[in-house]
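Read off the chains here:
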Protein chains: 2
Amino acid sequence: MRGAQALLHTLVDGGVDVCFANPGTSEMHFVAALDDVPAMRPVLTLFEGVATGAADGYGRMTGRPASVLLHLGPGLGNGLANLHNARRAGTPVLTVVGDHSTAHKAYDAPLDSDIDAVAGTVSRWVRRSATAADVGADTAAAVAAALGPPSGVATLILPADASWDEGGAPAAVATPAAAGRGALDADALEAAAKALTGGEPCVLLIGGDAGLAEGARAAARIAAATGATLLAETFPPRAERGGGIPAVPRLSYVGDVARRQLGGARHLVLAGARSPVTFFGYPGRSGDLVPEGCSVVTVAGKDGPAATALAALADLVAPDAEAPVEPGRRPDLPTGDLTAAAATAVIGALLPEGAIVVDEANTSGVGLGPATAGGPRHDWLTLPGAAIGFGTPAAAGAAVACPDRPVWCLAADGAAMYTISALWTHAREGLDVTTVVYNNAAYAVLRAELAQVGAQLGGAGAGAAARRLLDLDDPTLDFVSLARGMGVPARRARTAEELADALRAAAAEPGPHLVEALVPPVAR
Amino acid sequence: MRGAQALLHTLVDGGVDVCFANPGTSEMHFVAALDDVPAMRPVLTLFEGVATGAADGYGRMTGRPASVLLHLGPGLGNGLANLHNARRAGTPVLTVVGDHSTAHKAYDAPLDSDIDAVAGTVSRWVRRSATAADVGADTAAAVAAALGPPSGVATLILPADASWDEGGAPAAVATPAAAGRGALDADALEAAAKALTGGEPCVLLIGGDAGLAEGARAAARIAAATGATLLAETFPPRAERGGGIPAVPRLSYVGDVARRQLGGARHLVLAGARSPVTFFGYPGRSGDLVPEGCSVVTVAGKDGPAATALAALADLVAPDAEAPVEPGRRPDLPTGDLTAAAATAVIGALLPEGAIVVDEANTSGVGLGPATAGGPRHDWLTLPGAAIGFGTPAAAGAAVACPDRPVWCLAADGAAMYTISALWTHAREGLDVTTVVYNNAAYAVLRAELAQVGAQLGGAGAGAAARRLLDLDDPTLDFVSLARGMGVPARRARTAEELADALRAAAAEPGPHLVEALVPPVAR
C-alpha cells in the first residue's frame, strides 16, 4: 500500500471522511488514491482559503475534523487566514500540505519554501512524514491532535515520496481522552458562587461549548437566580439559539459599547471565554475591558469544560431555578426601503427551522441577535479570529456537514470578495446555501474607525485619498453577475419586500442561491 | 510628525510612490496619513494577494519597489503566495504589515498571530519598528533592502503605536551599492569561453537581467559565433522581446522536453540562471536536468550581473560577431474554431507595439513564444515562483507602472480564479489591461500529471473521484459575467475571428477589458 492510500484509509477509519481540496502536482498520488477509498468525499475548491474556511465550518458543526489538501507553501499561505480563524475558534481541522519529494528538496525548486515555519503559526500540531511507512501513524496522530482536547488545527506535511512510495499501512486513531474538556475546578466554582451571590454587581461571560443549548440554559438559570448580567463572547464559534433556548446577548465588538455592558461590574465570572479585551488598541486607551476593581473568576478557560462548569455552578447557586424559556417572537415583515435594519427584520421573520447561520455581516449585521432569538431552533457561527473571508467558505463546510439543514450565509460585501469563489463550490456540490450579500459599497467598519482617527487627530475627518481606500464604489460590485458567473442563481433586492420574496424563492428550491441586498451603510 | 507620516515621506522621498493596499483597523493612521502625502498613490485591492501580485508586476517593470499595505498576520497570509513569486523573481517589493500596538500585543487579541515567522519565509529583510522615532530609519533601510542588490522582498512590521505616535522623522534612503549586481568573475568567464569554443556541444542558459534586450543580444552573438544552443530559463521574471531582439527559446516546464533540449550537452554555461532542475520530483527520476557528464560553468548567478557577464563573454568568444536581428514575422490571422493554437496565432498577429504581456496561460500558452518573437517590441512577464494567481494582479501592477503601454494578461481559467477580484482594481483604476481568459474548464496541467501517475501505477488512468478534482466544469465558469460583475467590459470568443474582433475592440477603447476564449484543453 502506498503512503497516500495509508493516509486515506487512516482518515476514513478514524472518522474523517471529507476532504476539501485544491491540489497540485505534488499531491497527485493523494488525488489518484481517492479512487481507491470511495468513503472519502473530495470537495474541490478553486482557492485554498475556501478549503480551509470550509473545514472550519464543517468542524464546528460536526465536532470532527475535515481534511484539507493544500499544495506546498503557497497553497498553505492562501489558506492561512481561515486556518487562523479555525485556530481561534478551536475547530478540529486536519491540514495535509503536500511537499516536494525528499530528494527534490535539495534543489530548492521554484515552489519550495519553509512550510514548517508557516504551518507552525496556526497549528497545535505539525509533523512531516519521513517515509511512506510513517504516514499511517502520523495521520492517526494528526487526527488525534485535531480532536484534542483541546481541539484545533493539526498539520501533516506530506513529502511526495512518502505519498507515492509503497510500504504504508493504516493506523488506528487513539480515542480522545475520557476527560473531555478537562476536570472541574472546585475552588473556582466556589469562588464564582460567592461572587454571584454576594450582592455586588456581577457579569457572567460565557464562551466555547457554553454557546450550545445546555450551557446557555445553565447560564440563564444562574443569571435568573442571582441577578447577574449574562453575556456571551463577541464572536462565538457556534451558538445554539431559538426554539426557546435562552437568548444570550453578546459582548459588543465596539470597545465603548462593551465597556458600557461591563460597566459597574464588581465580579466577572468566565466560563469558556477569555478575559475580555478590545479587538484593537487605540491611543491612550487600555485594551483590557475588565472594569477597574472588578475581580475575575474563571470556572472554565477558553477550551475548558464550560457547559459542565455552568451546570455545576447552577446547581450551587440556582438549585431550584428552572431554565427560562425564551418566548417565541419574530419581527414583523417590514416593507419599503431596504436598510440593514429592515434586512435584519426580514431575516428574523423568515429564518427557517434548523437553519445554520454563518454570520459575516459585520456592520450590517448589528441587531440580528435580538431579531432571531425568538425564532425557530438554529445555529449561529461567527468569526472568533476576526479575519474576514470566512463566510461563504464556512457556509460550504456547514452545508457539507449538515446536508439536511438550510444554511444562510450573511455576508458583508467587502468580506465576501475575499473568497468569492466559494460560490462555485456551492454550485458544484449542490449545497443548500442561501447567501445574502449586504452591498453597501464600503468597508463600513473601517469608515467608522477612520472617523475615530480623524476625531483624535482634531481633523474633520479624512480626505479623499484615505476615503478612497475604504469605499467599494467606482465601480460598484454586482454580486448578481458574480454569482451567475459561478453557476449560482441570484437576484437583487432593493426593498424589504424584494428581499423577503427572494428568500422565500430560495427556500422553495434546492441548491444554492444568492441575494444581493442593496443597503446603505450603517452609521455607528 | 507621526510615525505613519514619517513612513510615507520616507517612501516618496526614496522613490516609492505607489501603495497597493488592503488596510484594516490597525493601519488606519497610515491610511489617514495618505491625505498628508499626496505624492503617494494608493491603489485599493479587494484581497491582499492582489496587492502583492500587483507589487510584483510593478517592481519588475520599474526596478523600484511599490509598497504594499497589509493587515496583520491574516493579511500577510493572504498575500503570501504572490510574495513567494516576488521572492523567486527577485522583485523589489516593500511590504508594510500593520500589527497591534505594542501594549495591545500583551492581550493576544483575536487577530494576533506570529507575523514575524510568516514574513521571514518570503523576505530578504524583516524588521519590526519599535517606536515612531524608529520608523523613518527603518523604512529607509527597508527600501534599501528591497532594492538590493540583490533585490527582493523587504518587510516592515509596523505596530499601530509606532504609526500613530508623534516623534517620527523621515530618513533618506541610502543609494544602492555602485557595484550593481556584483563584479565579474574573470576565471568563470575564461572557463566559459573555453567550454564554448572547445568544439563540444554546449548550452548557454540565460536568466535574470539577461532576459532584457542587451543580454539577449549578447547571448545571441555568442551562440551565433560558437554554435552553442541558446536557451532561457523556463519562467523569466521579465524578457524584452520583439522589434528585432533575438528570440531566445525557453527551457520547457515539462521535464522530458527539457531533458531533450539539454540532451547531449557537454558543457552548460549559466548566466543569471540557476542550474536547471525540474519543477517537481517524480518516482525514480532525478530532478537534476544537467546531463550526465556535462560540466557547468556559472558566469553570473541568479541575482548576478548576467547581462554584463554575457557582454564580456561575447567580447571574448565573438568579438567580431554582430548581434543577429530577429526577422519581423507574425502569424497569419487564423479562422474557424478557437483552439489554444488558434488563440496563440491571433495573439501573435495582433500583439500591439509596446505591449506588456503577463503570461499565466499555462498549458494554453504553449507556442506563444515563437508566435510573438517576430512581432513588435514588447515585454513578457512569467511566473518564476510557479504559484498561480499571479496574472491579473501582476497585470494591474504593470499597468500602474507603465500607464502609456497596453497590458495583455493571458490567464488560464484555474489560475484566474485564485485572485479574480483583481479585475475590480483594473476597473477602479481605469487600467489599460486586456485580460484573455483561456476557459478550457479544467486544471489541464494537472490532468496531464494525473495521467502520468496513472501510467506509473499501471492503471488506465484515474477514476471519477480523482478526475473530479481536476475538472472545472459542472458548472462551467462564466468569465464574462464575472468581469461585468466587477465593472470590466467583457465578451466571449468561440472562434478565432471572434477573438480577433474582441482584441481589436479592446484596443480601440481605453481601460480594462476581458475576453473569455473558449478553448478545448491542450493534450500534452
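In this text the structure is predicted, and so the values were computed from the model without any measurement. (Residues numbered from 1 in each chain as written. Chains lettered and ligands numbered in written order. Predicted model: local features only at pLDDT ≥ 70, side-chain atom pairs only at ≥ 80, totals over all residues. Heavy atoms only, no water.)

## Description of empty space enclosed by the protein
Keep this limit in mind: Buriedness for pockets is judged along seven lines, at least five of which must meet protein on both sides within 12 Å for an open set on the 1 Å grid over protein atoms alone, while cavities are sets there where a 1.4 Å probe fits but cannot get out, and lining residues have an atom within 4 Å of a point. Grid points are joined across faces, edges and corners, and a volume is the space filled by probe spheres set on the points. Where helices and strands are cited, they refer to DSSP runs of H or I of at least four residues and of E of at least two residues respectively, numbered from the N terminus.
Taken as a whole and assessed by the stated rule, the structure comprises seven cavities of 30 Å³ or more. Put simply, the largest cavity is a space of about 140 Å³. In terms of lining residues, the largest cavity is bounded by 19 residues, among which Gly281 of chain A together with Thr25, Ser26, His29 and Trp164 of chain B are the most central. Elements with a contribution of two residues or more to the lining of the largest cavity: α17 (444-456) of chain A together with α2 (28-33) and α7 (160-164) of chain B.

## Details of the UniProt feature "domain: Thiamine pyrophosphate enzyme N-terminal TPP-binding" (unreviewed entry) in chain A
The cut-off we apply is this: UniProt positions are given in the numbering used here, feature names are shortened, and annotations may be inferred rather than shown by experiment.
The residues that UniProt annotates with the feature "domain: Thiamine pyrophosphate enzyme N-terminal TPP-binding" (unreviewed entry) are residues 1-106 of chain A. Across residues 1-106 of chain A, helical content stands at 47% and strand content at 20%; the span's end C-alpha atoms are separated by 26 Å.

## Things to note about the relation of the copies chain B and chain A
Inclusion rule: In superposing the copies, a least-squares fit is computed on C-alpha atoms, taking residues whose pLDDT is at least 70 in both.
Under the fitted operation, chain B is carried onto chain A by 0.0 Å of movement along the axis and a turn of 180°, and the coordinates agree to an RMSD of 0.0 Å. Expressed as a symmetry operation, the mapping of one chain copy onto the other fits a two-fold axis.

## A look at the pattern of salt bridges
Heads up, the condition is: Salt bridges, as used here, are contacts in which a Lys or Arg side-chain nitrogen is within 4 Å of a carboxyl oxygen on Asp or Glu. Think of it in three bands: with a 1.4 Å probe and only protein chains considered, a residue is buried below 20% of the maximum accessible area for its type, exposed above 50%, and partly exposed in between.
Enumeration according to the criterion identifies 54 salt bridges over all chains in this entry. Close ionic contact of Glu166 of chain B with Arg2 of chain B constitutes a salt bridge, the shortest N to O distance being 3.6 Å. Of the two residues, Glu166 of chain B sits in the loop between α7 and α8 (186-197) while Arg2 of chain B sits in the segment before α1 (3-13), which places them 164 residues apart along the sequence. For Arg2 of chain B, a relative accessible area of 22% corresponds to the partly exposed category. Among the ionic contacts, a cluster of salt bridges with common partners joins Asp99, Lys105, Asp112, Asp116 and Arg128 of chain A.

## Examining the domain arrangement of chain A
All names here are of chain A. Keep this limit in mind: What fixes the domain bounds is an automatic or database domain assignment. In this description, contact between two residues means that some pair of their heavy atoms is separated by no more than 4.5 Å. Using a 1.4 Å probe, buried area is obtained as the accessible area two parts lose upon being combined, added over both of them. Here a polar contact means two N or O atoms within 3.5 Å. Within protein one must be a hydrogen donor candidate and the other an acceptor candidate, and residues neighboring in sequence count only if both atoms are side-chain atoms. Each residue gets one of three labels, nonpolar for Ala, Val, Leu, Ile, Met, Phe, Trp, Tyr, Cys and Pro, charged for Asp, Glu, Lys and Arg, and polar for the others, Gly among them.
Here chain A is partitioned into domain 1 (3-164), domain 2 (186-317) and domain 3 (340-441 + 476-518). In this structure, domain 2 and domain 3 have C-alpha centres spaced 29 Å apart. On the domain 3 side, the residues contacting the 15 residues of domain 2 number 15 residues. For the pair domain 2 and domain 3, the summed buried area comes to about 1200 Å², and 47% of that belongs to carbon and sulfur atoms. Taken as a group, Phe235, Arg238 and Arg241 account for 44% of the area that domain 2 buries against domain 3, more than any other trio of residues on that side. On inspection of domain 2 and its partner domain 3, the count reaches two salt bridges. Asp379 is the partner of Arg238 in a salt bridge, and the nearest nitrogen-oxygen pair spans 2.6 Å. One can count eight residue pairs in polar contact (both at pLDDT 80 or more) joining domain 2 with domain 3. Counting residues per element, the side of domain 2 that touches domain 3 draws most heavily on strand β9 (residues 239-241), which supplies three residues. The residue makeup of the side of domain 2 that touches domain 3, split by class, is eight nonpolar, two polar and five charged.

## Quick notes on the side chain of His84 of chain B
Note that His84 of chain B resides in helix α4 (residues 72-89). Overall, the relative accessible area of 2% leaves His84 of chain B in the buried class. Ignoring anything within four residues of it in the chain, the contact list for His84 of chain B reads Pro74, Pro110, Leu111, Asp112 and Ser113 of chain A together with Val122, Gly385 and Ala387 of chain B.

## Quick notes on the sheet that holds strand β17 (residues 513-518) of chain B
All names here are of chain B. Cut-off, in case you're wondering: We call two strands paired when DSSP finds no fewer than two bridges between them. Note on definitions: angles span 0 to 180 degrees between N-to-C directions of axes, and those axes are lines fitted to C-alpha atoms, for helices only across the stretch in contact.
An order of β9-β13-β12-β14-β15-β17-β16 is seen for the seven strands of this open sheet, with the pairing classed as mixed. Taken across any chain shown, the strands that pair with only one partner, and hence form the sheet edges, are β9 (239-241) and β16 (490-493). Averaged over all adjacent pairs, the angle separating strand axes in this sheet is 20°, with direction ignored. Sheet analysis places strand β12 (residues 355-360) next to strand β14 (residues 407-412), joined by five bridges and oriented parallel.

## Some thoughts on the interface of chain B and chain A
In this assembly, 96 residues from chain B lie in contact with 96 residues from chain A. Here chain B meets chain A over a buried area of about 7900 Å², counting both sides, of which 66% is carbon and sulfur. Of all residues in chain B, Pro110, Arg428 and Leu469 of chain B give up the largest surface area on contact with chain A, accounting jointly for 9% of the area buried on that side. Linking chain B to chain A there are four salt bridges. Notably, a salt bridge pairs Arg274 of chain B with Asp108 of chain A, separated by 3.5 Å at the nearest N-O pair. Our count for the chain B to chain A interface comes out at 44 residue pairs in polar contact (both at pLDDT 80 or more). In terms of residue count, α4 of chain B provides more of the side of chain B that touches chain A than any other element does, nine residues in total. Partitioned by chemical class, the residues of the side of chain B that touches chain A number 51 nonpolar, 27 polar and 18 charged.

## Notes on helix α6 (residues 132-147) of chain B
At 3.6 residues per turn, the α-helix brings residues three or four places apart onto the same side. Residues and elements named next belong to chain B. Put simply, the test is: The span you would expect from a helix comes to 1.5 Å times its residue count less one.
Between its first and last C-alpha, α6 extends 23 Å over 16 residues, near the 22 Å set by a 1.5 Å rise per residue. All of the buried residues along α6 are Ala132, Val135, Gly136, Asp138, Thr139, Ala140, Ala142, Val143, Ala145 and Ala146. Where the residues of α6 are buried, they touch α1, β4 (93-99), β5 (125-128), β6 (153-159) and α7. Positive backbone phi, approximately 70°, marks Gly148, located one or two places after α6.

## A look at unusual backbone geometry
Residues apart from glycine generally show negative phi values, whereas peptide bonds are mostly found in trans. With an omega dihedral of 5°, the bond running from Gly148 of chain A to Pro149 of chain A counts as a cis peptide bond. Among the structural elements, Pro149 of chain A can be located in the loop between α6 (132-147) and β6 (153-159). Residue Pro475 of chain B follows Asp474 of chain B across a cis peptide bond; omega there is 0°. Residue placement: Pro475 of chain B occurs in the loop between α18 (464-468) and α19 (479-485). Here the phi dihedral of Asn362 of chain A falls at roughly 50°; this positive angle occurs in a residue that is not glycine. Despite not being glycine, Asp474 of chain A has its phi angle at roughly 55°, a positive value. Following the sequence through the fold, Asp474 of chain A ends up in the loop between α18 (464-468) and α19 (479-485).

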